[in-house]
Amino acid sequence: MLQFARIFSNFQIEYGAQGSENATLIRVPVRYGDATRQAQTIIQENSANSMPSTPLITFYISALDYDRPRLQEPYFVSKVQVRQRTYDSASDTYDTTQGNAFTIERLMPVPYKLTINCDMWTSNTNQKFQLFEQIATLFNPALEIQNTDNYIDWTSLTVVELEQVTWSSRTIPIGTENPIDVMTMRFGLPVWISAPAKVKKLGVVEKIIYSVFDANGDANEAIVNSDLLLGTRQKFTPYRYQTLLVGNKLQALKYSAVVDQPNDNTVPPDEPPSNEFWNAIVGMYGVLRPGISQVRLDDQWGGDSQIIGTVSYDPTDNRFLLIDIDPDTIPQNTLDPVNAVINPLLSGPGIGLPAAAIGQRYLILEDIGSNTSDPSYTEAWGELSARANDIIEYTGSGWQVAFEAGTHYNNIQFVTNITTALQYRWTGETWVKSYEGLYPGGEWSLVL
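My aim in this report is to walk through the structure given alongside it, one point at a time. None of the values given here were measured: they were computed from a predicted structure. (Residues numbered from 1 in each chain as written. Predicted model: local features only at pLDDT ≥ 70, side-chain atom pairs only at ≥ 80, totals over all residues. Heavy atoms only, no water.)

1. Considerations on the nonpolar core
Turning to step 1, where the next piece is worked out: One finds Leu245, Leu250, Trp278, Val295 and Trp444 to be the most contacted residues of the largest nonpolar core, which totals 24 residues.
Turning to step 2, where the next piece is worked out: Contributing elements (two or more residues each) for this core: β14 (241-246), β15 (249-254), α4 (278-283), β16 (294-298), β17 (306-313), β18 (320-325) and β29 (444-447).
Turning to step 3, where the next piece is worked out: If we ignore the near neighbours within four places in the chain, the residues touching Trp444 are Phe236, Thr237, Pro238, Tyr241, Gln242, Thr243, Trp278, Val295, Arg296, Leu297, Asp298 and Tyr439.
Turning to step 4, where the next piece is worked out: Core analysis: the second largest hydrophobic core is formed by 22 residues, Ile7, Ile57, Met120 and Leu131 among them. (Core = buried A, V, L, I, M, F, W, Y, C linked by side-chain atoms within 4.5 Å. Buried < 20%, exposed > 50% of the residue type's maximum accessible area, 1.4 Å probe, protein only. Helix = DSSP H or I, 4+ residues; strand = E, 2+ residues; numbered from the N terminus. Contact = heavy atoms within 4.5 Å.)

Structure (structure tokens):
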């Protein structure tokens, strides 16, 4: 109806020139003719003496009939695959990378024939001639219109066909009354009445493991939750996404994203910018149940163990999941915790670090000893001689080596940094982050 009104919204009529003045062009207004009683009362200013003005175009629906000749397979379902470009909410622009993917299932619409009467109210025959000449040239015999620019709407195109013209509403002879002359043009439009389309988000499911409980109900071998029936949970491994674990937060990242600090060092990574939202990712596979659904992270260093935690959406930022890690799945520390990871050539007790106190422990990244170039640091550490990756401890009488890395080439060790709460793993060659960091696609799973 809106598109039909726009067809007639810009026609004009010309009033004759008076003396030396040029002709005046007047735009003819368009109104929907089937006004409610209340609206019409307002238009007439609550007066029975209000006279309608001319020229005027009004239109209204005169018939809506089922169009059986256009009937097609009523149970046909059309499926369309749609892939969006990634939207950057910060810049309000679309990136060149692929975003969400959808399957649109369109049900066969129902055909109808819509008949609309369009009345031309004019005060004289000259006005009627002008309007008719402008309108009649458009319909030879029909004009195509489009009711939406959505390219997956297969009912958006239709035609407006001029079927009949009633030149005048007056009869001959006219008689004593002088009603406004109305020319009626009848138009037919084949239209479709559509059911809502079904929209499904697409996701590449690389691995599906149905939950299987062992005879003993072992939590390490089965997905256990007393609130769920046996066999109702599934495990999904989204290969198209990475996840970054920092503290108690999991961030979703594209498979091609990189972080500033790799997993094979002791520095915690920063959260990179991302517009991947967990609710969209989880929605591809099911529904996340806060405190029940799990994320499982495979061992980064080739082991068979997993870091397991229950997850919930971050209420302040949909880019993050809050994870409550099961402490039984975290490797047990084999060494006493350290206060910090330091470079002993750049800091020391009382020089960027707290004054020495009994029990202080530091993991050092550089050699310290007789070859130290700065005498102030030599004095701060006393007669300590240690190698990079050693752990040193203050005993009260001085600093000594508590863990000599060079003698543990084949021993895997774990220690926690009290300051950052990061756990480190000694690989036999270097210290790395034990389980926090980036997990590529295929190395983590959702359990819904």
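There is more to say, and it comes next.
2. A few points about the sheet that holds strand β19 (residues 340-342)
Turning to step 1, where the next piece is worked out: Spatially, β19-β22-β23-β24 is the arrangement adopted by the 4 strands of the open sheet, whose pairing is mixed. Strand pairing shows two members of the sheet lacking a second neighbour, β19 and β24 (399-403), which therefore form its edges. For this sheet, the mean angle separating the axes of adjacent strands, direction not counted, is 40°.
Turning to step 2, where the next piece is worked out: Relative to β24, strand β23 (residues 391-394) runs antiparallel, the two sharing 4 bridges. Following the sheet pairing, Ile391 is matched in β24 by Phe403. (Pairing = 2+ DSSP bridges. Axes fitted to C-alpha atoms, helices over the stretch in contact; angles between N-to-C directions.)

3. Digging into a nonpolar patch on the surface
Turning to step 1, where the next piece is worked out: Taken together, the side chains of Met1, Tyr32, Ile61 and Leu64 make up a nonpolar region of the molecular surface, amounting to roughly 360 Å² of accessible area.
Turning to step 2, where the next piece is worked out: Position of Ile61 among the secondary structure elements: in strand β4 (residues 56-66). (Patch = residues over 30% accessible without salt bridge, like charges linked within 9 Å, V, L, I, M, F, W, Y side chains within 5 Å. Areas by Shrake-Rupley, 256 points an atom, 1.4 Å probe, with all protein chains shown as cover. Salt bridge = Lys/Arg side-chain N within 4 Å of Asp/Glu carboxyl O.)

4. Details of the layout of surface pockets
Turning to step 1, where the next piece is worked out: Computed from the structure, the second largest pocket encloses a volume of approximately 470 Å³.
Turning to step 2, where the next piece is worked out: Taken together, the elements giving at least two residues each to the lining of the second largest pocket come down to β5 (77-88), β6 (93-107) and α4.
Turning to step 3, where the next piece is worked out: The greatest single-element share of the lining of the second largest pocket, amounting to 5 residues, is contributed by β6.
Turning to step 4, where the next piece is worked out: For the lining of the second largest pocket, the per-class residue count stands at 8 nonpolar, 9 polar and 4 charged. (1 Å grid on protein atoms, 1.4 Å probe; cavity = no way out; pocket = protein on both sides within 12 Å on 5 of 7 lines; lining within 4 Å. Points joined across faces, edges and corners; volume = space filled by probe spheres on them. Nonpolar A, V, L, I, M, F, W, Y, C, P; charged D, E, K, R; others polar.)

5. Structural notes on helix α3 (residues 125-136)
Along an α-helix, a turn takes 3.6 residues, which lines up residues three or four apart on a common side.
Turning to step 1, where the next piece is worked out: In a regular helix each residue adds 1.5 Å, so 12 residues correspond to 16 Å; α3 covers 16 Å between its end C-alpha atoms and thus fits that length.
Turning to step 2, where the next piece is worked out: All of the buried residues in α3 are Gln127, Lys128, Gln130, Leu131 and Ile135. An end-on view of α3 places all buried positions within 165° of arc, on one side of the element.
Turning to step 3, where the next piece is worked out: Those residues of α3 hidden inside the fold are in contact with β1 (12-15), β4, β7 (110-122) and β10 (181-193).
Turning to step 4, where the next piece is worked out: The N-terminus of α3 is capped by Asn124, whose side-chain oxygen sits 3.1 Å from the backbone nitrogen of Asn126. (Expected span 1.5 Å × (residues − 1). Arc of directions from axis to C-beta. Polar contact = N/O pair within 3.5 Å; in protein donor to acceptor, adjacent residues only side chain to side chain.)

6. So, the packing of aromatic side chains
Turning to step 1, where the next piece is worked out: Using the criterion set out here, one finds 21 aromatic pairs in the structure.
Turning to step 2, where the next piece is worked out: Ring geometry for Phe8 and Phe139: centres 6.4 Å apart, planes at 20°, overall stacked. Of this pair, Phe8 sits in the loop between α1 (2-7) and β1 while Phe139 sits in the loop between α3 and β8 (142-146), placing them 131 residues apart in sequence.
Turning to step 3, where the next piece is worked out: With relative accessibility at 0%, the residue Phe8 sits in the buried group.
Turning to step 4, where the next piece is worked out: By relative accessible area, Phe139 is classed as buried at 6%. (Phe/Tyr/Trp six-rings, centres within 6.5 Å; stacked < 30°, edge-to-face > 60°.)

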